[in-house]
Amino acid sequence: MPDFSKSESAFMQRAVQLARNGQFSAHPNPMVGCVLVNNDAIVGEGWHEIAGEPHAEVNALQEAGKKADGATAYVTLEPCAHHGKTPPCTEALIAAGIKDVVFARQDPNPKVDGKGRQALENAGISVRSGLMQAEVDELLAGFLSRVKRGRPRVCLKIACSLDGSIAMADGQSQWITGEDARADVQRLRANSGAVMTGIGTVLADDPSLTVRDGTLNPHNRQPLRVILDSGLRMPLAAKLLALPGETLIFCRDDRKAQALTDAGAEILKLANAAAFVDLSAVLKELGRRQINDLLVEAGPTVAGQLLEHGLVDEFVIYQAPHIMGSETMRMFETPNWTNLADRQTLQITDVTQMGNDTRITARPAD
């Protein structure tokens, strides 16, 4: 890996900061930031805001104008070299007279994957890579999951009491956590391409699964609502069918599909021998639909199935400081886990106070 100076690291850090500006709007494209530097001074900045609109490099070049001639571009992701909804960024960088390009990580998208670097080098531009790749990999975890694994990154959100209960035995669950935690869930939704739950949660809570905070949804983009409903028990009066955005229902028996289709839902039948919808097939289909990040807000059945099949990439657990007792529902139903050795070891990556509640973020330990 090439050696990078402290000032170069600072410029790339700024590019990463700019990239985060697109976290609620760049879907399904990756978040990308770009900083143009000439004579050790920043002359242009940009980030990718909305899919189909100019990329980070083009926005930075527009801000820099003629000052881009002879500048170095610091970009969080390898510039694209193909015609998509917008022209290739490599062509724009070459035409502007950029002399050096530093990017954090190579774009694994087969349409790019080294082709951007090659196009720049063919034009006589010096190219280096690898600066702050770990930070960018973290930023683009969902995009990288979709491109490399063919499925979105799965984040499982759970709200529970101190003794691990998510509801009373009769289903009462609103509200276990406080307003600060619920507001943070809005952020998780806004950062996701889709939000998924099971029919049990729909029947019990009639959820919206929408982003209601306008500051997190400046372009009125709602995440895709994904419902796992084997027998299509979805009520036609369900709140989410009447809200802005799209609803996709996965089932095994689609004989009741027409009424739900008329109500605005898309129905997709998945054939499998098990009693439940095939979760791996669901994730593969969501990946095909360019969903990078999937937030799961579900009950113990769906959560347990994801856990047993090793399909959860991150857990976000909001724990309220109260005890709900024994007549309750637990976080997971894992009937196939009968030995202590079956347990999932986690690595806690963050613990943050949310009002009176505690948010625990964890990932499966390698």
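Check the entry above for the structure.
Below is a summary of the structure that appears in this document.

**Some remarks on the overall build of the protein**
Step number 1: Counting secondary structure elements, the protein contains 11 helices and 16 strands.
Step number 2: For a compact globule of 366 residues, the expected C-alpha radius of gyration is about 21 Å, and the protein comes in at 23 Å, within 12% of that figure.
Step number 3: Taking the principal axes of the C-alpha coordinates as reference, the protein spans close to 70 × 45 × 40 Å.
Step number 4: For the protein, the share of sequence-separated contacts (at least 6 apart) that also reach a separation of at least 24 residues comes to 68%.
Step number 5: Working note: accessible area of the protein is about 17,300 Å², and carbon and sulfur atoms make up 49% of it.
Step number 6: On the protein, the mean spot of the 37 positive side-chain charges and the mean spot of the 45 negative ones are 2 Å from each other.

**What to know about the sheet that holds strand β3 (residues 72-77)**
Strand pairing within a sheet occurs via backbone hydrogen bonds; the two strands may be parallel or antiparallel.
Step number 1: Pairing is mixed across the open sheet formed by 5 strands, whose spatial order is β2-β1-β3-β4-β5. The strands lining the two open edges of the sheet, one partner per strand, are β2 (41-47) and β5 (126-129). Taken over all neighbouring pairs, the strand axes of this sheet differ in orientation by 15° on average, direction set aside.
Step number 2: When strand β4 (residues 100-105) meets β5, the two strands line up parallel, connected through 4 bridges. Following the sheet pairing, Phe-103 is matched in β5 by Ser-129.
Step number 3: Against the sheet, helix α2 (residues 56-64) engages β1 (33-38), β2 and β3, with an angle of about 140° to β2.

**Observations concerning the sheet that holds strand β11 (residues 266-269)**
Step number 1: Spatially, the 9 strands line up as an open sheet ordered β11-β10-β9-β8-β12-β6-β13-β16-β15, and their pairing is mixed. Both outer strands of the open sheet, β11 and β15 (346-354), are each paired with one neighbouring strand and no more. The mean angle between the axes of side-by-side strands here comes to 20°, regardless of whether they run parallel or antiparallel.
Step number 2: In the sheet, β15 pairs with strand β16 (residues 357-364) via 8 bridges, with the strands oriented antiparallel. Pairing of Thr-352 across the sheet is with Arg-359, part of β16.

**Quick look at helix α11 (residues 300-308)**
Step number 1: Counted residue by residue, α11 has 7 buried out of 9 residues, so it is predominantly covered.
Step number 2: Buried residues of α11: Pro-300, Val-302, Ala-303, Gly-304, Gln-305, Leu-306 and Leu-307, and no others.
Step number 3: Note on α11: the residue one or two positions beyond its end, Gly-310, has a positive phi of about 65°.

**Considering unusual backbone geometry**
Step number 1: The omega angle of the peptide bond from His-27 to Pro-28 is -5°, so this bond is cis rather than trans.
Step number 2: Despite not being glycine, Asn-39 has its phi angle at roughly 55°, a positive value.
Step number 3: Exposure remark for Asn-39: the relative accessible area of 74% places this residue in the exposed category.
Step number 4: With a phi angle near 40°, Asp-113 is a residue other than glycine that sits in the positive phi range.
Step number 5: With respect to the helices and strands, the residue Asp-113 is situated in the loop between β4 and α4 (115-122).
Step number 6: On the accessibility criterion, Asp-113 (40% relative accessible area) is partly exposed.

**Comments concerning the packing of α2 against helix α3 (residues 89-96)**
Step number 1: In the contact formed by α2 and α3, the axes pass within 9 Å of each other and the chain directions differ by 25°. Taken together, α2 and α3 sit at an angle that is classed as roughly parallel. Considering the relative orientation of α2 and α3, their crossing is left-handed. Residues Glu-57, Val-58 and Leu-61 of α2 form the contact with α3, whose participating residues are Cys-89, Ala-92, Leu-93 and Ala-96.
Step number 2: Its residues placed into classes, the contact of α2 with α3 shows 6 nonpolar, no polar and 1 charged.

**A word on the nonpolar core**
Step number 1: Residues Met-12, Leu-36, Ile-98, Val-101 and Leu-140 are the most contacted members of the largest nonpolar core, which totals 41 residues.
Step number 2: Sorting the residues of this core by element identifies α1 (6-19), β1, α2, β3, β4, α5 (133-139) and α6 (141-149) as the ones contributing at least two each.
Step number 3: With 6 residues, α1 is the single largest residue contributor to this core.
Step number 4: Formed by 33 residues, the second largest nonpolar core is a distinct cluster that contains Leu-228, Ala-298, Ala-303 and Leu-306.

**Section: the environment of Pro-87**
Step number 1: Tracing the chain through its elements places Pro-87 in the loop between β3 and α3.
Step number 2: Residue Pro-87 is classed as exposed on the basis of its relative accessible area, which comes to 52%.
Step number 3: For Pro-87, the residues in contact, after removing those within four places along its chain, are Cys-80 and His-82.

**A look at the side chain of Ser-192**
Step number 1: With respect to the helices and strands, the residue Ser-192 is situated in the loop between α7 (179-190) and β8 (194-198).
Step number 2: Residue class for Ser-192 comes out buried when judged on its relative accessible area of 6%.
Step number 3: If we ignore the near neighbours within four places in the chain, the residues touching Ser-192 are His-27, Arg-221, Pro-223, Asp-293 and Leu-295.

**Some remarks on the pairing of strand β9 (residues 224-228)**
Step number 1: Burial analysis of β9 places 5 of its 5 residues in the buried class, which makes it a mostly covered element.
Step number 2: In β9, alternate side chains face the same way, and those of Leu-224, Val-226 and Leu-228 on one face and Arg-225 and Ile-227 on the other are all buried.
Step number 3: The pairing of β8 with β9 spans 5 bridges and is parallel. Following the sheet pairing, Ala-194 is matched in β9 by Leu-224.
Step number 4: A crossover links β8 with its parallel partner β9, the connecting element being helix α8 (residues 199-205), and its sense is right-handed.

Here is what the cut-offs are and how they apply
Residues numbered from 1 in each chain as written. Predicted model: local features only at pLDDT ≥ 70, side-chain atom pairs only at ≥ 80, totals over all residues. Heavy atoms only, no water. Helix = DSSP H or I, 4+ residues; strand = E, 2+ residues; numbered from the N terminus. Rg over C-alpha atoms; globule rule 2.2 N^0.38 Å. Contact = heavy atoms within 4.5 Å. Areas by Shrake-Rupley, 256 points an atom, 1.4 Å probe, with all protein chains shown as cover. Lys, Arg positive; Asp, Glu negative; His and termini not counted. Charge placed at Lys NZ, Arg CZ, Asp CG, Glu CD. Pairing = 2+ DSSP bridges. Axes fitted to C-alpha atoms, helices over the stretch in contact; angles between N-to-C directions. Buried < 20%, exposed > 50% of the residue type's maximum accessible area, 1.4 Å probe, protein only. Parallel < 35°, antiparallel > 145°, perpendicular 65-115°, else oblique. Left-handed = near helix turned anticlockwise from the far one by under 90°. Nonpolar A, V, L, I, M, F, W, Y, C, P; charged D, E, K, R; others polar. Core = buried A, V, L, I, M, F, W, Y, C linked by side-chain atoms within 4.5 Å. Right-handed = clockwise from strand over helix to strand, strands pointing away.

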